[in-house]
Amino acid sequence: MRILVLGGDGYLGWPTALHLSSRGHDVAVVDNFARREYDLEMGVDSIVPIAGLQRRCDVWREVSGIEVPCYVGDLVDPDFTHRVIREFRPDTVVHFAEQRSAPYSMIDQKHAVYTQVNNVVNTLNVLYAIAEIDPSIHLVKLGTMGEYGTPNIDIEEGFLEVTHKGRTDILPFPKQPHSFYHLSKVHDTHNITFACRVWGLRSTDLHQGVVYGQETPETAQHPELATRLDYDGVFGTVINRFCAQAVVGHPITVYGKGGQTRGMLDIRDTLACVELACLNPADQGEYRVFNQFTESFSVLDVAHMVVEAFSGSPEIVHLDSPRVEKDEHYYNAIHTKFLDLGLQPHLMSAETLASIMEVIAQFKDRVDPRAFEATVNWRHTTNHLPTSGTLLPR
Ligand code: NAD
Ligand code: USQ
């Protein structure tokens, strides 16, 4: 297949592009380097050093003999988006290219507005480009499990059968997201559903859980093929953060009781799920949702698993939560669609956690312990970060 990976310079987009390329697909990547600019803005950096995008593509050509062209530009610009899709003419667009940090979106008004404009407008541009250039292009869009929030009923895959006053319908599952970032994904979901219904486009919306890990079979082939690994209080996700904290001897920072439960998955399963979605496209006019995670754990469970996998004995601390989340809640989310398509999950294990910590240990001097601090409080409309505010990407 011809697959265009939007956000192909990011944590997940880059290894997905390599995976799809190694599996024989013709792949091109698109990025505007916004993610690298957030690092400059926040004064932090990936633990694992990463090469520039052009260099990464050159190294991949040397290692595999395969060309992955890159398009550098902002998908918020409709002319750029149309040009790339017209020029590359993909069978599938895989869309990772959004601002993806909940804390970043909660810094202040400017960051909330940036997040929603960037995410919602660039996805609208992609929908228009597909509708005008070739409506048969399958859009595989990265959404999030956080769109659903934590309701006191089972979470279905996108839709819920509802009986109301004697009548029954299948309706979108209710959304109760917990940040302006997660809300941007809900807005995308509505726009994509509408475009499928009205223009007959086809899309698979991957409601993905929290991803952990760094190395994939393709990125392991050369140090300059490595993908990023974040640990800071704004972009670091929970398992990767806890692993970094254990390695550098920082206490493991559980917010509140640690009773928040989330769907989670190994980075290698993200790659496999995206390929399965590409190879098994939605029907023309269909909008469907796959819940993309393999297991669920509470934050406290994860902290204990990291402690067990680490050879030292890291301390677990409970901090006042900077977020507004339930301390404990029911959580049972259905995730059978990828298993039905043949996904063989990499379930969380002490070996996997130890291998993430081994990667971190190689670069532990790059970890600035001050960056672990959770600097964004959901209750404040304005958070004053030491470094933020001047370099917000355009
Ligand atoms: P990332 O920030 O590392 O990658 C996103 C990439 O998109 C970056 O390289 C960024 O520069 C690019 N981008 C952003 N806006 C753009 C624009 N307007 N034009 C062009 N490029 C743009 O994020 P990630 O962790 O790789 O996540 C990828 C996707 O998966 C996101 O949509 C995210 O919401 C979703 N997701 C991530 C996780 C996770 O745990 N990392 C979990 C669930 C869902
Ligand atoms: N948490 C802690 N301590 C920490 C960091 C986080 O207790 O040091 C807790 C948070 O309060 C939260 C949970 O861990 O309850 C997960 O936090 P996270 O930062 O790992 O995940 P989240 O903010 O939800 O966002 C991440 C990605 C986002 C993706 C989402 C999937 O950044 O792009 O959409 O995971 S999901 O959580 O399913 O919505």
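The structure reproduced in this document is the subject of the present report. (Residues numbered from 1 in each chain as written. Chains lettered and ligands numbered in written order. Predicted model: local features only at pLDDT ≥ 70, side-chain atom pairs only at ≥ 80, totals over all residues. Heavy atoms only, no water.)

### Quick look at the packing of aromatic side chains
In step 1: As enumerated under the stated definition, the model contains 10 aromatic pairs in all.
In step 2: Measuring from ring centre to ring centre gives 6.0 Å for Tyr-38 and Tyr-114, while their planes differ by 75°; the resulting arrangement is edge-to-face. Placement of the pair is Tyr-38 in helix α2 (residues 34-42) and Tyr-114 in helix α6 (residues 109-133), with a sequence separation of 76 residues. For the pair formed by Tyr-38 and Tyr-114, the shared burial category is buried. (Phe/Tyr/Trp six-rings, centres within 6.5 Å; stacked < 30°, edge-to-face > 60°. Helix = DSSP H or I, 4+ residues; strand = E, 2+ residues; numbered from the N terminus. Buried < 20%, exposed > 50% of the residue type's maximum accessible area, 1.4 Å probe, protein only.)

### Notes on the sheet that holds strand β3 (residues 70-72)
In step 1: If you walk across this open sheet you meet the seven strands as β3-β2-β1-β4-β5-β8-β12, and the pairing is parallel. What marks the edges here is a single partner per strand, and that holds for β3 and β12 (287-292). Across this sheet, the average inter-strand angle for adjacent strands is 20°, counted without regard to direction.
In step 2: In this structure, strand β8 (residues 202-208) lies alongside β12, joined through six bridges in parallel fashion. (Pairing = 2+ DSSP bridges. Axes fitted to C-alpha atoms, helices over the stretch in contact; angles between N-to-C directions.)

### Focus on the state of the cysteines
In step 1: Overall, the coordinates contain zero disulfides when judged by the stated rule.
In step 2: Sulfur of Cys-57: no disulfide; nearest cysteine sulfur belongs to Cys-70 and is 3.8 Å away.
In step 3: Looking at Cys-57, the relative accessible area reads 3%, which means it is buried.
In step 4: On the accessibility criterion, Cys-70 (22% relative accessible area) is partly exposed. (Disulfide = S-S within 2.5 Å.)

### Describing the site of ligand 2
In step 1: Close to ligand 2 lie 23 residues, the nearest being Thr-144, Tyr-181, Val-238, Thr-253 and Arg-262.
In step 2: Between ligand 2 and Tyr-181, the relevant distance is 2.7 Å, taken from an oxygen atom to a side-chain nitrogen or oxygen of the residue.
In step 3: At 3.0 Å from an oxygen atom of ligand 2 is found a side-chain nitrogen or oxygen belonging to His-182.
In step 4: Each residue belonging to the shell around ligand 2 can be placed in one class, and the counts come to nine nonpolar, nine polar and five charged. (Near = heavy atom within 4 Å. Polar contact = N/O pair within 3.5 Å; in protein donor to acceptor, adjacent residues only side chain to side chain. Nonpolar A, V, L, I, M, F, W, Y, C, P; charged D, E, K, R; others polar.)

### Details of helix α3 (residues 53-64)
In step 1: For α3, spanning 12 residues, the distance from its first C-alpha to its last is 16 Å, which sits close to the expected 16 Å at 1.5 Å a residue.
In step 2: Within the sequence span of α3, burial applies to Leu-53, Arg-56, Cys-57, Val-59 and Trp-60. End-on, the buried residues of α3 take up no more than an arc of 160°, which puts them together on one face.
In step 3: Positive phi appears at Gly-65, one or two residues downstream of α3, with a value of about 80°. (Expected span 1.5 Å × (residues − 1). Arc of directions from axis to C-beta.)

### Here we look at the side chain of Thr-270
In step 1: Within the secondary structure layout, Thr-270 lies in helix α9 (residues 267-279).
In step 2: Thr-270 has contacts with Leu-12, Thr-16, Gln-208, Val-211, Leu-265 and Gln-292, leaving out every residue within four places of it along the chain. (Contact = heavy atoms within 4.5 Å.)

### Re the environment of Pro-69
In step 1: Structurally, Pro-69 can be placed in the loop between α3 and β3.
In step 2: Judged by its relative accessible area of 33%, Pro-69 falls in the partly exposed class.
In step 3: Residues Pro-69 and Glu-308, spaced 239 residues apart in sequence, show a C-alpha to C-alpha distance of 43 Å.

### A look at the nonpolar core
In step 1: Formed by 46 residues in total, the largest nonpolar core has its most connected members in Val-306 and Leu-353.
In step 2: Of all the secondary-structure elements, those providing two or more residues to this core are α2, α5 (102-105), β9 (210-212), α8 (238-248), β10 (252-255), α10 (299-309) and α12 (350-362).
In step 3: The leading source of residues in this core is α8, at six residues.
In step 4: Aside from chain neighbours lying at most four places away, what touches Leu-353 is Ile-239, Cys-243, Met-305, Val-306, Ala-309 and Met-348. (Core = buried A, V, L, I, M, F, W, Y, C linked by side-chain atoms within 4.5 Å.)

Everything listed here is a matter of geometry and, on its own, says nothing about what the molecule does.
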